[in-house]
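The residues making up each chain are set out below.
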Amino acid sequence: MRPIVRPKSVVSLILVSILSTFVPLAKAELTIHTSVDKNGDTQMLVNNEAQKQLPPPQLGITPPTLHDDLVLATGKLDKSLTLYNYSTKPKKIKLSMIDLDSSGHPITSSETTLKNWTLINPTTFSIAGSGYQTVRLSIRPPNDFVKQKYKAMLLIEQQIDNPLKYDADAKGVTVELGSRYGLPINVTVK
């Protein structure tokens, strides 16, 4: 445990979530206890001894990437993926999509990128503990869509309703962090 000293009136906890392009963010649990030291300053003690290693996977995604060809003559590309909840608690999931340039950096969506021509069903749902959910993607570009390779990312975010849970003595808090995954989508339009 290591103390973090803050002025009495300023005790804050800032959570920052960073989107990782291909690596899921790990869920971690820290217990933070607060107390007042002899100078009247608030002291926060962070205890992460229970977190000796990364937790087991909480969400499974199959397939792990989508690589396919879209032949404009057929007019669409239909794919499905399955999300598995490996925990016993239900998980609330939100899906969205971003377009990427050829080097994998986010770009603004337009009529010449995949996002505007992709249907995702469903986009928000709950997966029961030890359950699964099938998601369907349908890419339907216009007939004059440029024939080239396109990249996008399906963002899979676990939503947490109550991320802070206080101990009975109100001196500690458990922070539950959701997870965020990026499923790469690579489509070659022919």
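This text gives an overview of the structure that appears in the document. Within any chain, residue numbers begin from 1 and follow the written order of that chain's sequence. Only residues with pLDDT of at least 70 are given local features in this predicted model, and only at 80 or more are side-chain atom pairs given and counted; all residues enter the totals for whole chains, interfaces and linings. Neither water nor hydrogens contribute to the side-chain values; these are computed over all heavy atoms in the structure.

**Remarks on the overall build of the protein chain**
Move 1: Along the protein chain, the regular secondary structure elements total zero helices and 15 strands.
Move 2: Counting only residues that meet the buried cut, the protein chain has 31% of its 190 residues in that class.
Move 3: Once local pairs closer than 6 in sequence are excluded, the contacts in the protein chain between residues at least 24 apart make up 70%.
Move 4: Per-residue and other accessible areas were derived by the Shrake-Rupley procedure at a 1.4 Å probe size, with only the shown protein chains allowed to occlude residues. Only carbon and sulfur atoms are counted for the fraction: they give 54% of the accessible area of the protein chain, which is about 11800 Å². A helix here means a DSSP run of H or I that spans at least four residues, while a strand means a run of E at least two residues long, and both kinds are numbered starting from the N terminus. Working definition: with a 1.4 Å probe on protein chains only, accessible area under 20% of the residue-type maximum means buried, over 50% means exposed, and in between means partly exposed. Pairs of residues are marked as contacts when any of their non-hydrogen atoms sit within 4.5 Å.

**Considering a nonpolar patch on the surface**
Move 1: Two joining distances apply to patches: 9 Å for like charges and 5 Å for nonpolar side chains (Val, Leu, Ile, Met, Phe, Trp, Tyr), and every residue must have over 30% relative accessible area and no salt bridge. Throughout this description, the term salt bridge denotes a Lys or Arg side-chain nitrogen within 4 Å of a carboxyl oxygen of Asp or Glu. A surface patch of nonpolar side chains, about 370 Å² in accessible area, is lined by Tyr84, Tyr86 and Tyr132.
Move 2: Classification of Tyr132 by relative accessible area gives exposed; the value is 57%.

**Focus on the sheet that holds strand S9 (residues 118-121)**
Move 1: Pairing is antiparallel in the open sheet, where four strands are placed in the order S4-S6-S11-S9. A single partner strand is all that each edge strand has here, and the edge strands are strand S4 (59-62) and S9. Strand-to-strand twist in this sheet, taken as the mean axis angle between neighbours without regard to direction, amounts to 20°.
Move 2: Paired strands, in this sense, are two strands between which DSSP finds at least two bridges. With four bridges joining them, S4 and strand S6 (residues 77-85) adopt antiparallel strand pairing. The residue of S6 that forms the bridge with Gly60 is Tyr84. In this analysis an axis means a line fitted to C-alpha atoms, helices contributing only their contacting stretch, and an angle means the value between N-to-C directions, from 0 to 180 degrees.

**Points about the environment of Leu81**
Move 1: Among the structural elements, Leu81 can be located in strand S6.
Move 2: A relative accessible area of 0% means that Leu81 is categorised as buried.
Move 3: The spatial distance from the C-alpha of Leu81 to the C-alpha of Val135 is 5.4 Å, given a sequence separation of 54 residues.
Move 4: Setting aside residues up to four positions removed in sequence, Leu81 forms contacts with Ile61, Thr62, Pro63, Leu66, Gln133, Thr134, Val135, Leu137, Leu154 and Leu183.

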